[in-house]
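Coordinate analysis (summary)
Residue-level listing of the chains:
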Amino acid sequence: MLPSRLWQIEILEDIKNKKALILKFLLPLFFLSPLMTARLPENLKAVFFSLAVLFIGTFGSAVGLVRLRESKMLERLAILPKSRSILVSDYILSNAIFDILQMFAPLAVITLLGGPQPLRVLLVFICYITAILSANALGVLVSLITSSSGEVHLYAILTVLFIGGLSGLFILPTHGSLTTAFAMLPFRQLADSLIYAWGGTFPRLSLLAPFSGGVFFSIPLLLSSYLFRFH
Amino acid sequence: MGAARIVSLENVSKSYGNKRALIDVNLQIRKGESFVLLGPNGSGKSTLLRILAGLLSPDDGRVELFEKSILKNRKEVQSRIGILFDHNAQWEKLTGYQSSWYFARSYGIHTDKARDNLDRLFLLYGLWENRDELISTYSYGMRRKLALIQAMSHNPRLLILDEPSMGLDYESRLALYRILKEESRRDTTVVLAINDVNEAALLAQRVAILNRGRIIITGKPEELKASLEALTLIVIWLGSPIPLTPLYEIEGVEQVEVCEETEDNIMLKILAQSQRSILTRIVREVVGRRGTIKALEVKEPDLGDVLLKFTSDEDM
């Protein structure tokens, strides 16, 4: 295959790196196996899975981008007569495609074991894609504020904790308006959609998942010129 | 009417914090010129090239390529330039051809044209046999050639090359020189940053010497050498060290440089005014300081001596 777009290159690189590819698919299975096998309350399963999506998307995207910067590949991309927001969107999409695939098996098992109502699974799937895209977009933002690969893990974990907290994945807010605001975040929407799939109440705000994902996705595109600022 | 101005810099300055990397740089490079930037490490060559490539914005001054501001017309200007950095960053898990294909297509080259260009360049640089091998298996020299192919894959009208021959074997160097001369004949403007003065003398139609962020002098290599016409280069190999200060005190001595130094072999380069008695005075001083002269040679100064003279004068 001869790649003409950055997302094709990223996917080719990932496919050819066999060891990393196997690890990428085995690790989520390993870490999420308690969710798949243990008898846990449904809301806990939903929250853990959403946190895993947030964690994997943000870390993978941030670390990969900082690595591209440190290897000076970003410099090489910066001299191309291409829109920088297209380069960033290509990067997010390629990472998101892999994340969607690598987390799909655990998601399928967790959802199926919960005895889902088939029509409700569609909402889970939409929220899942949105949450993964958003987590990868967050990773790009993390790489913007990171100057080295040593720092990236720290900033990524802080971001995961902050956004996870805002999404009510650790403690659900009791104040009504706050609950509404937090339910607009893609990771809360994913958790709510999972609970709904297992027979919970209909999460109206999860229908806004594509909108929430669009907002998350467009922020790094708007800031893409900062990513290609060199010193 | 002269050839079109391809590169134009007016009063360009750039600082990194307190360090001034470029100071009031003015430069005009015309279509088809092969222009070399010479200067010691840290003189500002790479900063200048990165500004030309659109990677850095100057703090002050105006930069125009093809008579257009690169900051305001980035994509249009970048589509006409090919850049080789002083590093060889590549996607390691891609083949040489796959990676080059991406670069060619990113410049908007149609697939048929991209294939023609890449096939020609892979053959020209001797990488045809290795085109479908993973870049991770390439040697340093092969990576350098691959980066050159990628810089030239879209037939750029301006080539900006930072140390293009770094890591290349002798045969590949000769091929590179041939290609660059051919490009220049095809009216491609070539801007090179080079450390090797012999290479600069071979490739340059015009040279700019940079030191501490300033352009000290610009001209054709022969003009620069002519600026040292009244000077002679005396090379002395000594068997033991001597203090250099007394040599400086000899009237007519412009510069003394220790070029090689081992325990029992020291090479001194002395740039001195072409006076009849100067050699005698220098030899007398060396012998008087108990220096053992193993060999002595009087030469015409070359481009390296020009570089040494202008950059050392600045340092003093």
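All values reported here derive from a predicted model rather than from experimental measurement.

1. Overview of helix 5 (residues 140-152) of chain B
Residues and elements named next belong to chain B.
- Across its 13 residues, helix 5 extends 19 Å between first and last C-alpha, which sits within 8% of the 18 Å expected from 1.5 Å per residue.
- Buried residues dominate helix 5, accounting for twelve of its 13 residues.
- All of the buried residues in helix 5 are Gly141, Met142, Arg143, Arg144, Lys145, Leu146, Ala147, Leu148, Ile149, Gln150, Ala151 and Met152.

2. Description of the packing of helix 4 (residues 42-70) of chain A against helix 8 (residues 149-166) of chain A
All names here are of chain A.
- At a minimum axis distance of 9 Å, the contact between helix 4 and helix 8 shows a crossing angle of 155 degrees. Judged by the inter-axis angle, helix 4 sits roughly antiparallel to helix 8. In this structure, helix 4 crosses over helix 8, and the sense of that crossing is right-handed. Residues Leu51, Leu54, Phe55, Thr58, Phe59, Ala62, Val63, Val66 and Glu70 of helix 4 form the contact with helix 8, whose own contacting residues are Ser149, Val152, His153, Ala156, Ile157, Val160, Ile163 and Gly164.
- Of the residues in the contact of helix 4 with helix 8, the class split is twelve nonpolar, four polar and one charged.

3. Notes on the pattern of salt bridges
All names here are of chain B.
- One pass over the full model with this rule turns up 14 salt bridges over all chains.
- One salt bridge connects Arg185 with Glu182, and the closest N-O pair in it is separated by 3.3 Å. Remark: Glu182 and Arg185 occur in helix 6 (residues 170-185); sequence separation between them is three residues, near one turn of the helix.
- Owing to a relative accessible area of 61%, Arg185 belongs among the exposed residues under this scheme.
- The network of salt bridges with shared partners includes Glu10, Arg62 and Glu64.

4. Focus: the confidence of the model for chain B
Residue and element names in this part refer to chain B.
- Across chain B, the average pLDDT comes to 89, with 98% of residues at 70 or higher.
- Looking over chain B, one finds the lowest element-wise mean pLDDT in helix 11 (residues 303-315), namely 72, and the highest in helix 3 (residues 96-106), namely 96.
- Scored as a complex, the prediction yields pTM 0.83 and ipTM 0.87.

5. A word on the sheet that holds strand 11 (residues 231-238) of chain B
Residue and element names in this part refer to chain B.
- As summarised here, the arrangement of the four strands in space is 12-13-11-14, forming an open sheet in which the pairing is antiparallel. Across the chains shown, the open sheet's two edge strands, defined by having one partner strand only, are strand 12 (253-262) and strand 14 (293-299). Shown here is a sheet whose adjacent strand axes are inclined to one another by a mean of 15 degrees, direction ignored.

6. Here we look at the interface of chain B and chain A
- Facing 31 residues of chain B, the contacting portion of chain A comprises 29 residues.
- For the chain B and chain A pair, buried surface summed over both sides reaches about 2,900 Å², with 62% attributable to carbon and sulfur atoms.
- Area buried by chain B at its contact with chain A is led by Trp91(B), Lys93(B) and Tyr102(B), which between them contribute 24% of it.
- Run the count over chain B and chain A and you get one salt bridge.
- With a closest N to O distance of 2.8 Å, Arg50(B) and Glu75(A) form a salt bridge.
- Breaking the side of chain B that touches chain A down by element, the ones donating at least two residues are helix 2 (74-78), helix 3 and helix 5 of chain B.
- If one sorts the elements of the side of chain B that touches chain A by residue count, helix 3 of chain B sits on top with seven residues.
- Along the lines of polarity and charge, the residues of the side of chain B that touches chain A split into 16 nonpolar, eight polar and seven charged.

What counts, and at which threshold
Residues numbered from 1 in each chain as written. Chains lettered and ligands numbered in written order. Predicted model: local features only at pLDDT ≥ 70, side-chain atom pairs only at ≥ 80, totals over all residues. Heavy atoms only, no water. Helix = DSSP H or I, 4+ residues; strand = E, 2+ residues; numbered from the N terminus. Expected span 1.5 Å × (residues − 1). Buried < 20%, exposed > 50% of the residue type's maximum accessible area, 1.4 Å probe, protein only. Axes fitted to C-alpha atoms, helices over the stretch in contact; angles between N-to-C directions. Parallel < 35°, antiparallel > 145°, perpendicular 65-115°, else oblique. Left-handed = near helix turned anticlockwise from the far one by under 90°. Contact = heavy atoms within 4.5 Å. Nonpolar A, V, L, I, M, F, W, Y, C, P; charged D, E, K, R; others polar. Salt bridge = Lys/Arg side-chain N within 4 Å of Asp/Glu carboxyl O. pLDDT = per-residue confidence, 0-100. Pairing = 2+ DSSP bridges. Buried area = accessible area lost by both parts, 1.4 Å probe.

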